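# Summary of structural features
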Amino acid sequence: MQQSGNEMVGFGDDLVASGIETRLVDTAAVFELQQSGNGEEGLPPARTKDGSLDRNGKPAVRGRTGGWKSGLVLLVSQGLVTIAFYVLEASIVLFTKYVMRQTNAEAESTFSLWMGTVCLCSLVGGFLSDYIGRYLISIYAQVFLTVGFGLLSASAHALLKSHGCGVIGKLCDPHAPLEVSMFYMSIYLIALGNGACESVLATFAADQFDEEDPAEKQSKTSFGWYFVIASNIGRFISVALLVYTESTGNWLPILWISTGCVITALVFLLSLTRRYRHFKPSGSPISRIAQVIVASWRNRNLQVPSRGEGLLDGTRRKTDDLKFLDKAAINIPITQVEEVKCILRLLPVWLCTIWSSVVFLQTPSLFTEQGAAMDRSILHFQVPPAGMITFDIISTSTLIVFYDKLIVPLHIKLTKTQSKTLAELQRIGTGFVIAVVTMLFAGLVEQQRLKYSDGSTKEMSSLHILWQIPQYILMGASKAMVCVAEKEFFAAQTPDGLKSLEMILSFCCSALGGYMCHTILWVVNKITASNGKAGWVPPNLNDGHANRFFFLLAALTMLNLGLFVMFAYRYISISTQMRDGIEEMEDVAP
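Residues numbered from 1 in each chain as written. Predicted model: local features only at pLDDT ≥ 70, side-chain atom pairs only at ≥ 80, totals over all residues. Heavy atoms only, no water.

Here we come to the overall build of the protein chain. Helix and strand content of the protein chain: 18 helices and two strands. Among the 590 residues that make up the protein chain, the fraction classed as buried is 55%. Considering only residue pairs separated by 6 or more positions, the protein chain has 81% of its internal contacts joining residues 24 or more positions apart. Put simply, the protein chain shows about 25700 Å² of open surface, and 64% of that area lies on carbon and sulfur atoms. (Helix = DSSP H or I, 4+ residues; strand = E, 2+ residues; numbered from the N terminus. Buried < 20%, exposed > 50% of the residue type's maximum accessible area, 1.4 Å probe, protein only. Contact = heavy atoms within 4.5 Å. Areas by Shrake-Rupley, 256 points an atom, 1.4 Å probe, with all protein chains shown as cover.)

And the structure:
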């Protein structure tokens, strides 16, 4: 689920501008209009105005390239990839625990490291697409996905050789080193493929609509919502498949279904190769930042004029903070220097948002392990622990869709202001507060689960799994507040010349959160499992104190919230800098 904050890469600015209330256009009518070209005989075909190219490197013709036909094919491809990947994401903790014979802490660490790598690969995919193009990266990524799922499905035959193993409560037999190596190779190929695909495919789909054409620009906004809907539909289908898998322990059918989904997704991606629109790779923004840092170092012994005389002119005025970078403006445009300053001002706030990924990763990991150790029976049906994430998805989607109707009126009533919405930083802070409450509630549920444990060697409690519903709903609300606002904040505060850094910051946040979660869990277990004690998150949760781990996460989230409030209060937005620059120019005007 951690993905959801990233899936709208390429659509963020349009969705922010249009608002939640944007009405979806009549796609059939728009498609018919786009296919008609300019509609006049004898005239050359209408070409796109945004500089997009066809597969031959020539200016794209509107009626023959891109548009809804290309967009819908990419939409189907994304939906199929989501089904396959989310099946693995939501079930990998239980798979590693019962099939790979890992302890609770080992299974959660495996998941955290794997999700961190997924996000890191998203960063690498986005970086490479700036040099070799989004279409090629999308193809390479889906090829890696196909190979990864095929290898995982094939290796699962050996991993599940013990009849009836892999179901909750029944471990499989120990595996040979080669079988374990095949498993890890397959899931990290999947991480490489999905990570690169996630960061590029959505942006490539957005490229199929001409920003300079009013009809296509409106279609692009509508398509952004369809893209999110396709991802959510994929998740719900995955949950339905997980109900069957976790109830019966039949892992092989669901793995081969996932393999079939990624193969079909690749076929769809390749089917309209001749029709796609492309943009010429423009290089990475990292080079622009590096130029400023290198230039400031080389000019460290030079003096910068107090009024800025002798600095290369640009479209932005020189600001008074981070003065060590001003020396770069002696031979680099001051606009480029100020862009780097904007990014550096973002870093303290960005560092605080990394913690949100640590909290959100508890949903498919420790929450799932907690649910597996509870009473899951409803009549003759066993609730799958990973299926509880449905409440997370519903909560997130509902809050995003009804934000203007629920949160904004409540904000106006409580603050007695007429502000139309909460600012991005206020929403992120609110999300952190909800995250604190979520961890506290999860800790209280775990306390009750331990209280009603049966005391046997089995990892079970008579407390019903439905007690987890509030913590999943709260987690979904926290994600809706943090992830959307975080994306909007980075989109608004990233300078125009470094816009692709918005994606880099987002994926770095998720990757570092995964690795941080693994480190925290390792340190906690190392400390608490000393002197013969079981530790807070032991192989059998009934022997440990996972509630204390939840309370620790709540305390660390409160500490992170305090730092965030401090940095947010001191943060100077781009709009404020521009306003101050105008006032200063008015003061010195003759």
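Next, the rest of the story.
A word on the side chain of S296. Tracing the sequence through the fold places S296 in helix 9 (residues 286-298). Note on S296: relative accessible area 10%, which makes it buried. Only 2.8 Å separates the side chain of S296 from the backbone oxygen of I293, close enough to count as a polar contact. When neighbours within four sequence positions are excluded, S296 is seen to be in contact with F324, L325, K327 and A328. (Polar contact = N/O pair within 3.5 Å; in protein donor to acceptor, adjacent residues only side chain to side chain.)

Per-residue confidence for the protein chain averages 79 on the pLDDT scale, and 81% of its residues sit at or above 70. Averaged over each element, pLDDT in the protein chain is lowest for helix 1 (residues 12-18) (41) and highest for helix 17 (residues 546-570) (94). Counting interchain partners and residues more than four positions distant, the pLDDT-below-50 stretch residues 578-590 has three contacts. (pLDDT = per-residue confidence, 0-100.)

Assignment of secondary structure puts G57 in the loop between helix 2 (27-35) and helix 3 (67-98). Each C-alpha atom, one on G57 and one on K280, is 8.4 Å from the other, the two residues being 223 residues apart in sequence.

Before going further, it helps to examine unusual backbone geometry. With a phi close to 65°, R101 is a non-glycine residue in the positive phi region. Topologically, R101 is positioned in the loop between helix 3 and helix 4 (104-132). With relative accessibility at 39%, the residue R101 sits in the partly exposed group.

Here we take up the packing of helix 5 (residues 134-159) against helix 6 (residues 177-206). Between helix 5 and helix 6, whose axes approach to 7 Å, the crossing angle comes to 155°. Judged by the inter-axis angle, helix 5 sits roughly antiparallel to helix 6. Of the two elements, helix 5 crosses helix 6, and the hand of that crossing is left-handed. For the contact of helix 5 with helix 6, a count of residues per class yields 23 nonpolar, eight polar and two charged. (Axes fitted to C-alpha atoms, helices over the stretch in contact; angles between N-to-C directions. Parallel < 35°, antiparallel > 145°, perpendicular 65-115°, else oblique. Left-handed = near helix turned anticlockwise from the far one by under 90°. Nonpolar A, V, L, I, M, F, W, Y, C, P; charged D, E, K, R; others polar.)

Glancing now at the packing of aromatic side chains. Counting across every chain of the model gives 13 aromatic pairs. Note on F95 and F183: the rings are 5.6 Å apart at their centroids and 20° apart in plane angle, and the pair reads as stacked. Linking F95 in helix 3 with F183 in helix 6, this pair joins segments that are 88 residues apart in sequence. Neither residue differs from the other here; F95 and F183 are each classed as buried. Plain terms: the ring middles of Y135 and F204 are 5.7 Å apart, the flat faces sit at 35° to each other, and that makes the pair tilted. You can see Y135 sitting in helix 5 and its partner F204 sitting in helix 6, a full 69 residues away along the chain. Across the pair, exposure class does not vary: Y135 and F204 are buried alike. Among the aromatic residues, those joined into a ring-pair cluster are F95, F183, Y184 and W251. (Phe/Tyr/Trp six-rings, centres within 6.5 Å; stacked < 30°, edge-to-face > 60°.)

The next subject is helix 6. An ideal rise of 1.5 Å per residue puts 44 Å on 30 residues; helix 6 measures up with 44 Å between its terminal C-alpha atoms. Within helix 6, 21 of the 30 residues are buried, which leaves it mostly tucked inside the rest of the structure. (Expected span 1.5 Å × (residues − 1).)

The next subject is the pattern of salt bridges. Enumeration over the complete set of coordinates arrives at four salt bridges. Among the ionic pairs, R134 bridges to D207, the shortest N-O distance being 2.6 Å. Of the two residues, R134 is situated in helix 5 and D207 in the loop between helix 6 and helix 7 (214-248); the sequence distance between them amounts to 73 residues. Since its relative accessible area comes to 27%, R134 is described here as partly exposed. (Salt bridge = Lys/Arg side-chain N within 4 Å of Asp/Glu carboxyl O.)

As a rule of thumb, nonpolar side chains are buried together in soluble globular proteins. In this structure, L88, V99, W114, I190, M439, V537 and F549 are the most contacted members of the largest nonpolar core, which totals 76 residues. Apart from the residues lying within four places of it in its own chain, the contact partners of W114 are F85, L88, E89, I92, I187, Y188, I190 and A191. Counting residues in each nonpolar core, the second largest holds 34 residues, with I289, A295, F432 and L561 among its members. (Core = buried A, V, L, I, M, F, W, Y, C linked by side-chain atoms within 4.5 Å.)

Our focus in this paragraph is the side chain of S258. When you line up the elements, S258 lands in helix 8 (residues 251-271). If near-sequence neighbours (up to four positions away) are discounted, S258 is found in contact with A84, V87 and F149.

Another aspect to go through is the environment of M115. As for its placement among the helices and strands, M115 is situated in helix 4. Residues M115 and G513, spaced 398 residues apart in sequence, show a C-alpha to C-alpha distance of 9.0 Å.

What follows concerns the packing of helix 10 (residues 334-360) against helix 16 (residues 501-528). The interhelical angle for the contact between helix 10 and helix 16, taken along N-to-C directions, is 45°, at an axis separation of 8 Å. The orientation of helix 10 with respect to helix 16, classified from their angle, is oblique. Helix-helix and strand crossings are classified by hand; for helix 10 and helix 16 the assignment is right-handed. The segment helix 10 lies against helix 16, with I343, L346, W350, T353, I354, W355, S357 and V358 engaging L501, L505, C508, C509, S510, L512, G513, M516, C517 and I520.

With that out of the way, let us pick up the environment of M460. Residue position: M460 is located in the loop between helix 14 (424-451) and helix 15 (469-493). Exposure remark for M460: the relative accessible area of 26% places this residue in the partly exposed category. Setting aside chain neighbours within four positions, we find M460 in contact with A372, A373, M374, D375, S453, D454 and N542.

Another point: a nonpolar patch on the surface. Side chains of L120, V124, F127, L128, Y131, I132, L136, Y140, F144 and I286 sit close together on the surface and give an oily, nonpolar patch of about 840 Å² of accessible area. Elements that contribute at least two residues to the nonpolar patch include exactly helix 4 and helix 5. With six residues, helix 4 is the single largest residue contributor to the nonpolar patch. Topologically, Y140 is positioned in helix 5. Classification of Y140 by relative accessible area gives partly exposed; the value is 44%. (Patch = residues over 30% accessible without salt bridge, like charges linked within 9 Å, V, L, I, M, F, W, Y side chains within 5 Å.)

As a further point, take the state of the cysteines. Disulfide: a covalent bond formed between the sulfur atoms of two cysteine residues. Taken as a whole and assessed by the stated rule, the structure comprises zero disulfides. The thiol of C509 is unpaired, and the distance to the nearest cysteine sulfur, on C483, comes to 8.3 Å. In this structure C509 comes out as buried when scored by relative accessible area, which is 1%. (Disulfide = S-S within 2.5 Å.)

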